[in-house]
Each structure stands twice: as structure tokens, then as C-alpha cells.
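What follows is each chain in one-letter form.
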Amino acid sequence: MRLITFEYERTQGFGLVLGDGIVDLQKKMGLFSLKELLESGRLDEVGEFANAIPDYQLDQVSFLPVIVDPAHIYCLAINYLDHVNEIANIGIHRDPPKHPAVFVRYADSLIGHRQALVKPAVSDDFDYEAELAVVIGKAGRSIPEAQAMEYVAGYTAFNDASVRDWQFHTRQIAPGKNFAATGALGPWLVTKDEIPDPDNLRVTTRLNGELLQDGNTRDMIHKIPAFISYVSTILPLKPGDVLATGTPSGVGFSRRPPLFMKAGDVVDVEVEGVGILSNPVVAG
């Protein structure tokens, strides 16, 4: 199933995507949001609407981030060996991390599919990062790796777009990861039954149609169960939490000369089995 969070006539909703249409689950299930659906434990009931008549068409709505208000957004840095190697080639030497290299983003730094990424006025070093993101389906604390996938609701695509000069002001990278409207999450949540092997998914970035990143999740250093177990030991995971699994090689700041996004560009992040997350870029 594909589940979407959207805005229609200035009202937020969520629904089931059927072809080019959307079944309004807010109306049919009496729930406010996709996050509330996960919290309620009623995800399995959505299948009852697989033959329903859509209430809207995809081109009638504005896409919002799949989860608009996650309690936690955990992201992994340098989680692909080829990315570790490419930054070493430009003089940034990091050993492959023994533990997941976790940082956090805030919900108001994210936008949805087709919404505009905003290049901050204070920087010209606005970079793209294609990633697979995991959406948590039920609460848990100190989750063993062997049980971790039981806590997954599904998957979506993430563009962890980064303001590189601000990222490298200090050893703490959070400033460059949290400017308003600089990350994108979507276009929808694909439930985990649709993706039986998340450790073998192609992940790509195209900037104005040019293929710049082309990786596969099988090359992740820390796999999804290890990531879930690690962060759930810090704080209890909650339904709707988003875990972004890191980006493969090909990012803009590692290129010579560097290649950064600018106003007028269009960036497409594609995750196999999920779909394409597409965003224009505008000046802030």
C-alpha cells in the first residue's frame, strides 16, 4: 500500500493512493493523520479500502511530508563505504563508523514531494543527498536487532539536502542539516509488505535530469535493524518516527569542481520500490 499525507483546499488529510487517485482515510477511518493511524494500530484496516472510489486525484492535492510531525527524525552520516572513500579523496578522512553516526533533523526543516527546496540566502553550498528512510510503526525501547523489523511500518524517500559550509562550521553538523525547507520526505509511505528486501534497493539522484548518485542499500555499513536497535536504546521510538539511512557516493561537495543546487534546478531522488521524490529549488 502507498499512503500519502496531503493538503486539499487548505485542509490537511491523509489517504490511500490507488493509481492516480487518493482515498481519503481521514473521512473513512475518523483519524486525523497518518501518524495517528500508526499510533492507533489500525494500519491493517487500510486494506479494506483497496477497491474504494478515490476522493481526489494526485494532481488536485499538495503533497506534504509523509509524516508531518514525527517525534524523532534520526539520520545517519557516512553510512556507505563509497561515500566514506569519496570524502577521503577531498581530504576529509573518517574511518568507517563502528557505531551508527547519528544526527537529528527537525520536522520544520522538511517539505513534501513537489514542494520547493529553499536554498538559504547565506550559502551557495546547497547539496543533495538521496536516502532510503524508514518509518516506525509501533513504539519500542531497547529493541533487539533480531526483532527490529517488526517495528517498521514502511519506507519512503528522503533528500537530506545539506548546507555544506554551515555543516562544517564546527564538528557538530546539525546547523547545515536544519535550515527551513531544506530537506524533503516522500512522496508517500510504502508499507513494508511491498518491499520484502530493503537491503537491496537502488537509490539515485538526478539533478536537472543528470544522474549524479547511483547506489544500493546493500552497501550500507549499518543496516536497518542495527540502526533501529541503536536509537531505540537512546529514547523510546514512537509511531511515525523517521530514520534516514544515509547517502551513497556522488554528492556535490565531493566533486571537483563542486556541484551544488541553485534556484531553478529540479532534483529527483528515487528509491527502488518507493518512487520518485521530486523538488524544484528556489532562492531563499
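Before any of the text, the structure's been laid out above.
These lines cover the structure that appears in this document, whether it is placed above or below. Not measured: the values here are computed from a predicted model. (Residues numbered from 1 in each chain as written. Predicted model: local features only at pLDDT ≥ 70, side-chain atom pairs only at ≥ 80, totals over all residues. Heavy atoms only, no water.)

## Considering the overall build of the chain
Note the following rule: Labels follow the DSSP assignment, with helices taken as runs of H or I lasting at least four residues and strands as runs of E lasting at least two, numbered in each case from the N terminus. For the radius of gyration, the atom set is restricted to C-alpha positions; the globular benchmark scales as 2.2 Å times the number of residues to the power 0.38. For every residue, the accessible area obtained with a 1.4 Å probe (protein chains only) is divided by the maximum for its type, and the residue is called buried under 20%, exposed over 50%, and partly exposed between those limits. By definition, residues are in contact when any of their heavy atoms lie within 4.5 Å. The Shrake-Rupley method, run with a 1.4 Å probe sphere, supplies the accessible areas, and residue values consider only the shown protein chains as cover.
The secondary structure content of the chain amounts to five helices and 19 strands. At 18 Å, the chain has a C-alpha radius of gyration in line with the 19 Å of a compact globule built from 284 residues. A principal-axis box enclosing the C-alpha atoms of the chain has dimensions of 55 × 45 × 30 Å. Going through the 284 residues of the chain one by one, you find that 55% of them count as buried. Contacts in the chain between residues at least 24 apart in sequence constitute 75% of all its contacts with a sequence separation of at least 6. Surface accessibility of the chain: about 12,100 Å² in total, with carbon and sulfur atoms responsible for 50%.

## What to know about the nonpolar core
Short version of the rule: We call a set of buried Ala, Val, Leu, Ile, Met, Phe, Trp, Tyr and Cys residues a nonpolar core when their side-chain atoms join them within 4.5 Å.
The biggest cluster of nonpolar side chains holds 50 residues, and the ones touching the most others in it are Ile-4, Leu-117, Tyr-155, Ile-228, Leu-237, Leu-243 and Met-261. Non-local contacts of Tyr-155, meaning those with residues more than four positions away in its chain, are made with Leu-132, Ala-133, Val-134, Met-149, Trp-188, Leu-189, Val-190, Lys-192, Ile-195, Pro-198, Ile-224 and Val-274. Core analysis: the second largest hydrophobic core is formed by 28 residues, Val-23, Val-66, Ile-73 and Ile-173 among them.

## Focus: helix H3 (residues 81-88)
Quick note on the threshold: Starting at the helix axis, one direction is taken to each C-beta atom, and the arc is that of these directions.
Restricting attention to buried positions, one finds in H3 the residues His-83, Val-84, Glu-86 and Ile-87. For H3, the angular spread of buried residues about the axis comes to 165°, placing them on one side.

## A few points about the pattern of salt bridges
The test is simple: Whenever Lys or Arg places a side-chain nitrogen within 4 Å of a carboxyl oxygen from Asp or Glu, that contact is recorded as a salt bridge.
Applying the stated rule across the entire model yields 12 salt bridges. For the salt bridge of Asp-214 with Arg-202, the shortest nitrogen-to-oxygen distance reads 2.8 Å. Here the residue Asp-214 occupies a position in strand E16 (residues 210-216), and Arg-202 occupies one in strand E15 (residues 202-207), the gap between them amounting to 12 residues. Of the charged contacts in the structure, one is a salt bridge between Asp-265 and Lys-262, with a shortest N-O distance of 3.2 Å. The class of Lys-262 is partly exposed, set by a relative accessible area of 49%.

## Side note on a nonpolar patch on the surface
Note the cut-off: Two joining distances apply to patches: 9 Å for like charges and 5 Å for nonpolar side chains (Val, Leu, Ile, Met, Phe, Trp, Tyr), and every residue must have over 30% relative accessible area and no salt bridge.
A cluster of nonpolar residues, Val-102, Tyr-230, Ile-234 and Leu-235, forms a patch on the protein surface that exposes about 310 Å² of accessible area. Here Ile-234 is to be found in helix H5 (residues 224-234). For Ile-234, a relative accessible area of 45% translates into the label partly exposed.

## Points about unusual backbone geometry
With an omega dihedral of 0°, the bond running from Gly-186 to Pro-187 counts as a cis peptide bond. On the secondary structure map, Pro-187 appears in strand E14 (residues 183-191). Put simply, Arg-256 and Pro-257 share a cis peptide bond, and its omega is 0°. The topology assignment puts Pro-257 in the loop between strand E17 (242-244) and strand E18 (266-271). Not every positive phi belongs to a glycine, and Glu-9 is a case in point at roughly 50°. Relative to the elements of secondary structure, Glu-9 occurs in the loop between strand E1 (2-8) and strand E2 (11-18).

## Quick look at the side chain of Asn-178
Rules: Any N or O atom pair separated by 3.5 Å or less is treated as a polar contact, with the protein-specific requirement of one donor-capable and one acceptor-capable atom, and with residues adjacent in sequence counted only for side-chain atom pairs.
Along the chain, the position of Asn-178 falls in the loop between helix H4 (164-167) and E14. A polar contact is formed between the side chain of Asn-178 and the backbone nitrogen of Tyr-106, at a distance of 2.8 Å.

## A look at the pairing of E18
Test applied: Paired strands, as defined in this entry, are two strands with at least two bridges between them according to DSSP.
Here E18 shows one buried face, formed by Val-267, Val-269 and Val-271, and one open face, formed by Val-266, Asp-268 and Glu-270. Here E15 pairs with E18 via five bridges, running antiparallel. For Arg-206, the partnering residue across the bridge sits in E18 and is Asp-268. As paired strands, E18 and strand E19 (residues 275-283) are joined by six bridges and run antiparallel to one another. By the bridge assignment for E19, Val-267 is matched with Asn-279. Hairpin connection of E18 to E19: three residues between the antiparallel strands, including Gly-273 at a positive phi of 85°.

## Some points on the sheet that holds E19
Put simply, the rule reads: To obtain each axis, a line is fitted to C-alpha atoms, and for helices this fit is confined to the stretch in contact; angles are then taken between N-to-C directions over 0 to 180 degrees.
Read across the open sheet, the five strands follow the order E9-E19-E18-E15-E16; overall the sheet is mixed. If you trace the sheet from one side to the other, it starts and ends with strand E9 (117-119) and E16, each paired once. Strand-to-strand twist in this sheet, taken as the mean axis angle between neighbours without regard to direction, amounts to 20°.

## Section: the side chain of Asp-24
Where we set the bar: Positive charges come from Lys and Arg, negative ones from Asp and Glu, while His and the chain ends are left out of the count.
On the secondary structure map, Asp-24 appears in strand E3 (residues 21-24). Buried Asp-24, no salt bridge; nearest opposite-charge side chain is Lys-27, N-O distance 4.1 Å. In terms of polar contacts, Asp-24 uses its side chain to reach the backbone amide nitrogen of Gln-26, at 3.0 Å. Within the local environment of Asp-24, its side chain forms a polar contact with the side chain of Tyr-56, the two groups lying 2.9 Å apart. In contact with Asp-24, other than residues within four places in its own chain, are Phe-14, Asp-55 and Tyr-56.

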